[in-house]
Each structure stands twice: as C-alpha cells, then as structure tokens.
Amino acid sequence: MASSARERLLERALTLPLASPSDFSGDRRPPPDADPHHLRLIADTGLRARLLDANLAVGLQSPKGPQRIKSIVRIYPHFNAPPAPRHGSGGRKPAHRTSERHAQLATIEDMETLLSRVRMVETEVAREMRASVDADIDRLKRTMALLSGIELEESHRKLGEALARRKELGWQIRLEAYRRIEQDESFAPRIYLRHFAR
C-alpha cells in the first residue's frame, strides 16, 4: 500500500468514534496496555477488513449472527498490529485461568489490603496522567495564538483530542492502576483483582 494511501487509511481510522469500557460486552474488557485513544467503534465491515489487512488494527469485539454488540477495533498507528489469533481460540483466556479462579478464596484482610493498594496506586496514576494531559493542553493553548491557517486547524484538532482524553481519564486511571498492581509479583493479593469490575 502506498504511503499516501496508508496515511489516508490511518486518518480515517482515527476519525472513528472512541470506544468506552461500557461498549465491551459480557466479560470483555479493554486491553490494559492499550491507549484508550486507539480503541474505536466501527460499523463499516469493509473498512474494518481493510484496517485489519493493512496491519493497522486488530478486532477486539465483533458481532456474530444476531448479536447486538458493538464492533470494536484497536488501532496500531505504526501499522504493526499483531497477527490475529488462530481459529478456535476465540480470544478466550487460557484454561489455567479458569482453574486458578477457584484455587483460593480471598479473606477480608486480603480484600482490604488490595483495596488500600488500589486507592494508593490510583492516586499516583491520576497525578501522573492529569499532569501530562494538562501540560499538553496548556502547551496547545499557548501555541494556538501564534498559528494560522492549516497549522491552527491542526492545533485546534489536537486540543480537542487532549480535552477528550482528559474527560476519559477516570476509567483510564483505574485500568492503569490495575495493570501496575497485576504486574507486581511481590504483591500476593493482586490475584483477587479479577473480582473487581473494570
């Protein structure tokens, strides 16, 4: 695919509506490592196929038959989307997760310890994320006064995206906090995070 065609396809992908956690059906959740700005709703099956074929996206959720669920893709803006899972996997979690689910019940002390850690990490993540987004917004506001024409339009678009990101920070903060806790192998109660809604 020619470079200009790839750029147009990426631009089109990034105009798709943003997906939120409530758009995921059943026990599906947004990937914890995904930039929420890259999770998009898509109704056009032809465009969806083009995005997947160009390694620009992977499908996270797709209605089959009479299902009334939303079609969601994850955008990979560098055209480096991983290959689709083999047929039969269905995107399901490994079987060992199912057996692990019943391996041990949480005590009240375990859950209190976990809740305390979640609150602490969420506070830390919120401070980091809000500082980053607010810095972007302030920078864009300052530069817009010096721009005109196409550059001003582009800066205005980026400001709109930054403001949208700030509105979505609530659930992003929780996902990032959960991700950090899940990766902390020294913190045993992390295994009970599966009991919490995301």
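Predicted model only: the values in this text are computed from it and were never measured.

**What to know about the overall build of the protein chain**
Working step 1: Summing up its helical and strand segments, the protein chain has six helices and three strands in all.
Working step 2: Start at the N end of the protein chain and walk to the C end: the helices and strands fall as α-β-α-β-β-α-α-α-α.
Working step 3: Within the protein chain, contacts between residues at least 6 apart in sequence are counted, and of these 62% link residues at least 24 apart.
Working step 4: Accessible area for the protein chain stands at about 13,100 Å²; split by element, carbon and sulfur atoms hold 52% of it.

**Quick look at the packing of helix H4 (residues 108-144) against helix H5 (residues 149-167)**
Working step 1: With their axes 9 Å apart at the nearest point, H4 and H5 run at an angle of 155 degrees to one another. It follows that H4 is roughly antiparallel to H5 by the angle criterion. Pair H4 / H5 crosses with left-handed handedness. Listed contacts from H5 to Val133, Asp134, Asp136, Ile137, Leu140, Lys141, Thr143 and Met144 of H4 are Leu152, Ser155, His156, Lys158, Leu159, Ala162, Leu163, Arg165 and Arg166.
Working step 2: Its residues assigned to classes, the contact of H4 with H5 comprises eight nonpolar, three polar and six charged.

**As for the nonpolar core**
Working step 1: Of all hydrophobic cores here, the largest spans 20 residues; its most connected members are Leu114, Val118, Ile181, Leu193 and Phe196.
Working step 2: Contributing elements (two or more residues each) for this core: H4, H5 and helix H6 (169-183).
Working step 3: Sort the elements by how many residues they give to this core and H4 lands first, with nine residues.
Working step 4: Counting residues in each nonpolar core, the second largest holds 13 residues, with Ala13, Leu47, Ala54 and Leu56 among its members.

**Remarks on the packing of aromatic side chains**
Working step 1: For the coordinates displayed, the defined rule picks out zero aromatic pairs.
Working step 2: Positioned above the aromatic ring of Phe79 is the side chain of Arg6, whose terminal nitrogen or guanidinium carbon lies 3.9 Å from the ring centre.
Working step 3: Residue placement shows Arg117 over the ring face of Phe187; its charged tip is 3.9 Å from the ring centre.

**Structural notes on H4**
Working step 1: The end-to-end C-alpha separation of H4 is 53 Å, in line with the 54 Å expected for 37 residues at 1.5 Å each.
Working step 2: Restricting attention to buried positions, one finds in H4 the residues Asp110, Leu114, Val118, Val121, Glu122, Val125, Ala126, Val133, Ile137, Leu140 and Met144.

**Observations regarding the sheet that holds strand E1 (residues 39-41)**
Working step 1: Here we have three strands laid out as an open sheet, ordered E1-E3-E2, and antiparallel in their pairing. Two strands lie at the open edges of the sheet, namely E1 and strand E2 (57-61), each paired on one side alone. The mean inter-strand angle of the sheet, taken between neighbouring strand axes irrespective of direction, is 35 degrees.
Working step 2: For E2 and strand E3 (residues 72-75), the ladder comprises four bridges, and the chain directions are antiparallel. Bridge assignment links Ala57 to a residue of E3, and that residue is Ile75.
Working step 3: Here helix H2 (residues 45-53) sits on the sheet in contact with E2 and E3, set at roughly 125 degrees to E2.

Cut-offs applied
Per chain, the residues get numbers from 1 upward, laid out in the order the sequence is written. Per-residue local features are limited, in this predicted model, to residues with pLDDT of at least 70; the limit for side-chain atom pairs, both in listing and counting, is 80 or more; totals at the level of whole chains, interfaces and linings are taken over all residues. Side-chain metrics in this entry use all non-hydrogen atoms of the structure; hydrogen atoms and water are not considered. Helix and strand labels come from DSSP, where a helix needs a run of H or I of at least four residues and a strand needs a run of E of at least two; each type is numbered from the N terminus. Two residues qualify as a contact provided that any one of their heavy atoms is within 4.5 Å of a heavy atom in the partner residue. Each accessible area is a Shrake-Rupley estimate made with a 1.4 Å probe; only the visible protein chains count as cover when residues are assessed. A fitted line through C-alpha atoms serves as each axis, taken over the contacting stretch for helices, and the angle formed by two N-to-C directions is quoted from 0 to 180°. Roughly parallel means an angle under 35 degrees; roughly antiparallel means over 145; roughly perpendicular covers 65 to 115; every other angle is labelled oblique. Crossings are classed by handedness, with left-handed meaning an anticlockwise turn of the near helix from the far one by less than a right angle and right-handed meaning a clockwise turn. Any residue outside Ala, Val, Leu, Ile, Met, Phe, Trp, Tyr, Cys, Pro, Asp, Glu, Lys and Arg is labelled polar, Gly included; the first ten of those are nonpolar and the last four are charged. Buried residues of nine kinds, namely Ala, Val, Leu, Ile, Met, Phe, Trp, Tyr and Cys, make up a nonpolar core once their side-chain atoms join them within 4.5 Å. Note on exposure labels: buried denotes an accessible area under 20% of the residue type's maximum, exposed denotes more than 50%, and partly exposed covers the range between, all computed with a 1.4 Å probe on protein chains only. Aromatic rings from Phe, Tyr and Trp, with only the six-membered ring used for Trp, were paired whenever their centres fell within 6.5 Å, and each pair was classed as stacked if the ring planes differed by under 30 degrees, edge-to-face if by over 60, and tilted otherwise. Charge-over-ring contacts are defined here by two conditions on Lys NZ or Arg CZ: a distance within 6 Å of the ring centre and an angle within 35 degrees of the ring normal. Between the first and last residue of a helix there are one fewer steps than residues, each counted as 1.5 Å, and that sum is the expected span. By definition, two strands form a pair when at least two bridges between them are found by DSSP.

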